[in-house]
Amino acid sequence: MLGISYKNVAFPILFKMLDKAGNSNTIERIALIQGFIDCLVAGREFIGEKWLNFLNRNDIRYFIRIRNNFKIFYPRKQRNITAQHLFHNMKIGELRHYSKIMKVHGEYCYMSGINSLVKGKIDFCIIVSYNKPEHTLEYYTKRWQIETLFRGLKSSGFNIEDTHLIHIERIEKLILLVMIAFVWCYRIGDFIDSEIKKIVIKNHSRRAISVFKYGLDYLAKYLLSSFNKYHLNLVNFLSCT
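Residues numbered from 1 in each chain as written. Predicted model: local features only at pLDDT ≥ 70, side-chain atom pairs only at ≥ 80, totals over all residues. Heavy atoms only, no water.

Caption draft 1: Examining the overall build of the chain more closely. Helix and strand content of the chain: 6 helices and 9 strands. Each principal axis of the C-alpha atoms in the chain carries an extent, and together these give about 70 × 45 × 35 Å. Per-residue burial over the chain gives 37% buried out of 241 residues. Within the chain, residue pairs in contact and separated by at least 24 positions form 51% of the contacts whose partners lie at least 6 positions apart. Here the chain displays about 14800 Å² of accessible surface, and carbon together with sulfur accounts for 53% of that area. Looking at the chain, you have 36 positive and 20 negative side-chain charges, and the mean spots of the two groups are 6 Å apart. (Helix = DSSP H or I, 4+ residues; strand = E, 2+ residues; numbered from the N terminus. Buried < 20%, exposed > 50% of the residue type's maximum accessible area, 1.4 Å probe, protein only. Contact = heavy atoms within 4.5 Å. Areas by Shrake-Rupley, 256 points an atom, 1.4 Å probe, with all protein chains shown as cover. Lys, Arg positive; Asp, Glu negative; His and termini not counted. Charge placed at Lys NZ, Arg CZ, Asp CG, Glu CD.)

Right, here's the structure in full:
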């Protein structure tokens, strides 16, 4: 699935159903991204020789996280090292862009890393990129927005994984409907938050509820009880204007 990043969430725009468990493979990802190419941000499961070769060959910007113990080739020293070796002497919270180009799966890439404390242990977030490594943190931090989308589609919203459908074509139609419903709920929540009543900001500087959930709760209350507290024309939020 590919999504557009907007106001702390990703909106789904392209997807393909896979008749299998687990992650997509390189051929499936290439077919999807050829339909919509801008900048790719991805997690540790989206790495591979043919995949990186495709991205580099097509001049597609990417920022992909790799495992800390991932083996990379150091051209100047002509040997393999672990990725975290380049960043082991950083301070907590420090961001570093390694100045020399490395090889990952035979492809030349830039390397950036930041470390943090997670449950008392040092954790490295190491990103490979095609170019402009100085933009790594700016772009990669947007990746959590796809997680916000999936929470809305799953446990914090529509519980799509509870479906008993098993045929790919029917699941595909279900996801299309849920994608429309997700945008509908978000637009309602965004309007109420910006024009009527702001979502409470907690002490940790995060919203007490997501914009999507704000709209979902309002819409659900209306559909179940016809209660429309702010007298909104909810159908208007389905329009493209």
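Moving on from the coordinates now.
Caption draft 2: Broad picture of the environment of S156. Among the structural elements, S156 can be located in the loop between α4 (144-153) and α5 (168-196). Given a relative accessible area of 34%, S156 falls into the partly exposed group. In this structure, the C-alpha to C-alpha distance between S156 and L216, residues 60 residues apart in sequence, is 10.0 Å. Residues contacting S156, with those up to four places away along its chain left out, are R151, F212, K213 and L216.

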